[in-house]
Amino acid sequence: MGTQAIAADVVRVRVPERSIRHDLRAVKIVLHRELIRFWHDRMRMVAGLLQPVLWLLVMGTGLSSLLRTGGGNVDLKTFIFPGVLAMSVLFTAMFSAGSIVWDREFGFLREMLVAPVSRTAIVVGKCFGGAVVATCQGVFILLLAGLAGVPYSPLLLLTLIGEMFLGAFALTGFGVMMAARIKSMQSFFAIMQMAMMPMLFLSGALYPLAGLPAWLSLLTRLNPLTYAIDPLRHAVFSHLDINPALARAFNPGVTWNGWHVPVGLELIMVVVMGVGLMLIAIAEFRGSE
Amino acid sequence: MSTGEFAGATAPGKLGEAVVVEGLTKRFGDIEAVRGIDITVATGEIFGFLGPNGAGKSTTINMLCTLLTPTAGRARVAGFDVRSQRDDVRRNIGLVFQDPTVDGYLSGEQNLRFHAELYGVPKAVVGDRMRQVLEMVGLWDRRGDRVETYSGGMKRRLEIARGLLHSPRVLFLDEPTVGLDPQTRKSIWDYIQQLKNNEDITIFMTTHYMDEAEYCDRIAIIDSGRIVALGTPEALKASVGKDRVRIETADDETAIAALKEHFDLEAAVHEGEVTFAVSSGEEFVPRLFAELGVPIKSVSVSRPSLDDVFMSYTGSTIRDAEGSANDWMRMAFRARR
């Protein structure tokens, strides 16, 4: 019989019981999808480059003339470079996290939520995917290091990439946590805009964190982004050949009540924050139907 | 199993039950979207769930596929409880939603690959199986193109292919043909028939197209969260019992008055013809010619359609029921997603 002949050819699939290996496959594919989308979306990549270039070349150059009267041989562009790196990572990470809201609006989130796979795997995949994508964007900015007078030392580049990844991970965690509750794209970006600008201005992205008035000093210390940016600047300045007084002026580090917070601790704080935010996001997605 | 079977409906082939539902209820706040329904679907059946928007079809499907937790009642799908064995249910069902859930940025193949990984389809068979389902829905040649370049019908076919990728035992199709042109609807039905022959699968679907319900082995009519009728299309039509007679006359008004007077029949003009319902229409026609007293130009008698069935159980045509009331119920559900 005809139908039986066809039936014999049907490839049968048995979906296995849930296992760690299966969850890892899910993490990997969710992450992979973020990369494919990032790669397809070249406009986004280019647009993501434009803003940092403006900051570096226009703001950096413009303000440099102001600074020159104070003397010294540190280019303001060099100072601003780690801040610009952090900025582009921040924006890309938020954008990636926002894709959850997008997926919800366009229905794809359902495809993920009805799969026989733990929601933990999906959230972990999203967080790592966003972090990898944001780091990739950061790497493109890193190519511009020469323009800012930052040396292309392999060790420096590797350090910066590693630190950017940790920061990107924490920021994506924050974005995913927010995306779990926000149902529309418009409100997600409105809220993110509202959160990102103060975070940026109250971090060390655009000015050194020494000699600030007490209120501003306190706010910058409370801002998580501060601890993601300081290690970047520290790495850049440790590879510059300048006199120690100037280095101290431009790279004062972060102090708590006079105590200089070591870079290692800052990085640990970033990681703890990232993991914490991700756990909250996981709890939120598990709780939702 | 003696769960609410009416209208002489016996499930074909007692191979076992693919879906067993007992007293399933879902409440959203004060609204009772599904009010204690009972259904049994046999393995290998195409089971249709028929009703206007907002009648509770999607809510029921969402409970059966573990997306919503029932307020009360029990449901087993592919032998697993939808509440306590969520993952087992999910592994054994395929879903095609009413609203698109494919990623337009990915190619057709990438969408399927994503699905295969999420469902843990063994790597050794992914390639063959993918080819098989894509060929079945006629998208093998377009597999490398981004889904955003697909037409509406192609997207729906891709979703069906994806829903089948992991060889589910029960395939849920929520309005699989809504918003598609007649030709595409026809081809999707061809796939569904083909599936039934080839894949040894149970299909549970919702629709609000009456003509599509004819393809089902059995249908349940749901209205305001309750099942009002259940049986094979033929049995349901027989239960209505009346044929529809349409006549063209020289003077419609006199004809209607005469029908009322001589036969006590309520008639009305639909699409230029005097229309009325009568049991055993063929036997009635000779009397009609003899006794009406108004010249008749033409006459036609038709067996009851599912439209008539729907009308007799719910008191309105499905299109009338459509626009009214319950749309907000669906919106209330969407807001919850």
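Everything below is about the structure shown above.
Residues numbered from 1 in each chain as written. Chains lettered and ligands numbered in written order. Predicted model: local features only at pLDDT ≥ 70, side-chain atom pairs only at ≥ 80, totals over all residues.

1. Quick notes on the interface of chain A and chain B
Reasoning step 1: Taken residue by residue, the interface counts 28 residues in chain A and 31 residues in chain B.
Reasoning step 2: Residue assignment for the side of chain A that touches chain B shows that the elements contributing at least two residues are α1 (2-9), α2 (20-40) and α5 (108-113) of chain A.
Reasoning step 3: The dominant element in the side of chain A that touches chain B, judged by the number of residues it contributes, is α2(A), at eight residues.
Reasoning step 4: Taken together, the residues of the side of chain A that touches chain B break down into 16 nonpolar, four polar and eight charged. (Contact = placed C-beta atoms within 7 Å. Helix = DSSP H or I, 4+ residues; strand = E, 2+ residues; numbered from the N terminus. Nonpolar A, V, L, I, M, F, W, Y, C, P; charged D, E, K, R; others polar.)

2. Topic: the environment of Glu199(B)
Reasoning step 1: Looking at where Glu199(B) falls in the secondary structure, it is placed in helix α6 (residues 182-199).
Reasoning step 2: Distance from Glu199(B) to Ser167(B), taken between C-alpha atoms, is 7.9 Å for residues 32 residues apart in sequence.

3. A few points about the sheet that holds strand β9 (residues 218-223) of chain B
Residues and elements named next belong to chain B.
Reasoning step 1: Here we have six strands laid out as an open sheet, ordered β6-β7-β8-β3-β9-β10, and mixed in their pairing. Two strands bound the open sheet, and with one partner strand each, they are β6 (93-96) and β10 (226-231). Direction aside, neighbouring strands of the sheet carry axes that sit 15° apart on average.
Reasoning step 2: Taken together, the five bridges between strand β3 (residues 46-50) and strand β8 (residues 202-207) define a ladder with parallel strand orientation. When the sheet's bridge partners are listed, Gly48 is paired in β8 with Met205.
Reasoning step 3: Seen against the sheet, helix α5 (residues 152-164) touches β6 and β7 (170-174) and runs at an angle of roughly 170° to β6. (Pairing = 2+ DSSP bridges. Axes fitted to C-alpha atoms, helices over the stretch in contact; angles between N-to-C directions.)

4. Description of unusual backbone geometry
Residues and elements named next belong to chain A.
Reasoning step 1: In this structure, Asn257 is a non-glycine residue whose phi angle is positive, near 55°.
Reasoning step 2: Tracing the chain through its elements places Asn257 in the loop between β1 (255-256) and β2 (259-260).
Reasoning step 3: Look at Asn257 and you get exposed, because 5 C-beta atoms sit within 10 Å. (Buried ≥ 20, exposed ≤ 12 C-beta atoms within 10 Å, placed from the backbone.)

5. As for the nonpolar core
Reasoning step 1: Ala86(A), Ala161(B) and Phe172(B) are the most contacted members of the largest nonpolar core, which totals 157 residues.
Reasoning step 2: If you tally residues by element for this core, the top one is helix α4 (residues 76-105) of chain A, at 17 residues.
Reasoning step 3: Leave out the neighbours within four places in its chain, and Phe172(B) touches Ile61(B), Leu64(B), Cys65(B), Ile93(B), Gly94(B), Leu95(B), Val96(B) and Phe204(B).
Reasoning step 4: Judged by nonpolar contacts, the second largest core, of ten residues, contains Ile256(B), Leu259(B), Val274(B) and Phe276(B). (Core = buried A, V, L, I, M, F, W, Y, C linked by C-beta atoms within 7 Å.)

No statement about biological role is implied by the geometric values presented.
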